Amino acid sequence: MTGVAVGDQVFGLSPVTGTMAEYAVLSSWSPKPDAWTVEQAAAAGVVAETAIRVLDQLGVGADSTLLIDGAAGGVGDAVVQIAVGRGATVIGTASEANHEYLRSLGVIPTTYGPGLADRVRALAPAGVDAVFDVAGANLPDLVKIAPSADAVVSIADTTAPEHGARFSMSGTPDEITPTLVKAAALGAAGTYVPHVAATYRLDQVAEVHARIEAGHARGKIVIKI
Ligand SMILES: NC(=O)c1ccc[n+]([C@@H]2O[C@H](COP(=O)([O-])OP(=O)(O)OC[C@H]3O[C@@H](n4cnc5c(N)ncnc54)[C@H](OP(=O)(O)O)[C@@H]3O)[C@@H](O)[C@H]2O)c1
């Protein structure tokens, strides 16, 4: 491996071995920006890569109006900050308890579920340009809200292509690494600050999984060893 020395702080992904461990071999990594704590760096790998990848696939930029369904969770937290950092207008769905949090990130919050199309129309009368389906719970409705089905990318509903939408998964390590380097640059610039909802010990992992499965964590949960 080049570009790294013993003792350097890095963050990244290890899809084969996993990273919930004292030692891990990363397949993709970037130097950790000084602006992040070690916990924030641990939180950032998967979600920042996913956010940047899908925002690029959707072509989200300063002129875009983006709808994110599931905006306050682990992936959503990264998506909204990075999209707002690009200058996009961002409408994000979450339960009421997370609306103030989303507002603090520059997002226009609304609730998910029935009637979403009407709520989005009221918030963006000219319509949205792109839809990021993080939650994977409402794809047919999201396709109706989007200007066209291919303006919807889902990371959680594998039936997306059956609706004309796109399903996105992470690519090869060679594709992921430059994205992590971009995420680190956003961290160094203060554009993206990973939100750590809570930290737990490794022996609390069952409790952590129960909390994650409940599906309402704000940002990411980190295991600290
Ligand atoms: N394909 C990929 O590359 C990729 C990468 C990473 C993750 N994923 C997948 O992406 C999904 C989301 O991951 P995550 O870490 O962000 O999960 P998470 O932290 O549990 O967040 C899920 C979010 O969905 C919201 N939500 C719950 N029920 C909903 C509903 N019926 N409609 C709309 N939103 C709803 C929750 O909002 P409230 O808390 O406000 O209720 C929560 O903020 C998971 O299925 C994960 O496996 C895929």
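Cut-off values and rules
- Residues numbered from 1 in each chain as written.
- Predicted model: local features only at pLDDT ≥ 70, side-chain atom pairs only at ≥ 80, totals over all residues.
- Heavy atoms only, no water.
- Salt bridge = Lys/Arg side-chain N within 4 Å of Asp/Glu carboxyl O.
- Helix = DSSP H or I, 4+ residues; strand = E, 2+ residues; numbered from the N terminus.
- Buried < 20%, exposed > 50% of the residue type's maximum accessible area, 1.4 Å probe, protein only.
- Domains from an automatic or database assignment.
- Buried area = accessible area lost by both parts, 1.4 Å probe.
- Near = heavy atom within 4 Å.
- Polar contact = N/O pair within 3.5 Å; in protein donor to acceptor, adjacent residues only side chain to side chain.
- Nonpolar A, V, L, I, M, F, W, Y, C, P; charged D, E, K, R; others polar.
- Contact = heavy atoms within 4.5 Å.
- Pairing = 2+ DSSP bridges.
- Phe/Tyr/Trp six-rings, centres within 6.5 Å; stacked < 30°, edge-to-face > 60°.

Applying the stated criterion across every chain yields a total of six salt bridges. The residue Glu49 makes a salt bridge to Arg53 at a minimum N-O spacing of 2.9 Å. Linking Glu49 with Arg53, this pair stays in helix 1 (residues 38–58), spanning four residues, or about one helical turn. A residue is classified by how much of its surface remains accessible, and Arg53, at 13% relative accessible area, is buried. Put simply, Arg121 and Asp118 hold a salt bridge, and the shortest N to O gap is 3.0 Å. On the criterion of helical spacing, the pair formed by Arg121 and Asp118 is a turn pair, its members being three residues apart in helix 4 (residues 116–123). For the pair Arg121 and Asp118, one class covers both residues: exposed.

A few words on the domain arrangement of the chain. Entries for the chain in the domain assignment read domain 1 (10–48 + 172–224) and domain 2 (50–167). In this structure, domain 1 and domain 2 have C-alpha centres spaced 22 Å apart. Here domain 1 and domain 2 share an interface that buries about 1300 Å² over both sides, 54% of which is from carbon and sulfur atoms. Linking domain 1 to domain 2 there are zero salt bridges.

Here the focus is the site of the ligand. The local shell around the ligand holds 24 residues, among which Ser95, Asn98, Tyr112, Ser168 and His216 are the closest. Between the ligand and the protein, one listed contact pairs an oxygen atom with a backbone N or O atom of Val75 at 2.9 Å. Taking Asn98, its side chain carries an N or O atom lying 2.8 Å from an oxygen atom of the ligand. Breaking the shell around the ligand down by element, the ones donating at least two residues are helix 1 and helix 2 (74–85). The residue inventory of the shell around the ligand, partitioned by class, reads 11 nonpolar, 11 polar and two charged. Counting the residues that make up the shell around the ligand, at least three belong to each of domain 1 (10–48 + 172–224) and domain 2 (50–167).

Here Ser168 lies in the loop between strand 8 (166–167) and helix 6 (173–188). A relative accessible area of 5% places Ser168 in the buried class. If near-sequence neighbours (up to four positions away) are discounted, Ser168 is found in contact with Arg53, Val54, Gln57, Val153, Ser154 and Ile155.

A few words now on the sheet that holds strand 6 (residues 130–133). Backbone-to-backbone hydrogen bonds pair the strands of a sheet. The strands run either parallel or antiparallel. Overall, parallel pairing links the six strands, which are arranged 5-4-3-6-7-8 in an open sheet. Strand pairing shows two members of the sheet lacking a second neighbour, strand 5 (108–110) and strand 8, which therefore form its edges. Here strand 6 runs beside strand 7 (residues 152–154); their pairing, made up of three bridges, is parallel. The partner of Phe132 across the bridge, within strand 7, is Val153.

Below, the discussion takes up the packing of aromatic side chains. What the rule picks out here adds up to two aromatic pairs. A centroid spacing of 5.2 Å and a plane angle of 70° characterise the contact between Phe11 and Trp36, whose relative ring orientation is edge-to-face. Highlighted residues: Phe11 in strand 1 (residues 10–13) and Trp36 in the loop between strand 2 (28–31) and helix 1, separated in sequence by 25 residues. Between the aromatic rings of Trp36 and Tyr192, the centroid separation amounts to 5.6 Å while the plane-to-plane angle is 85°, which identifies the pairing as edge-to-face. Here Tyr192 lies in the loop between helix 6 and strand 9 (196–201) and Trp36 lies in the loop between strand 2 and helix 1, a separation of 156 residues in the sequence. The two residues Trp36 and Tyr192 agree in class, both being buried. Among the aromatic residues, those joined into a ring-pair cluster are Phe11, Trp36 and Tyr192.

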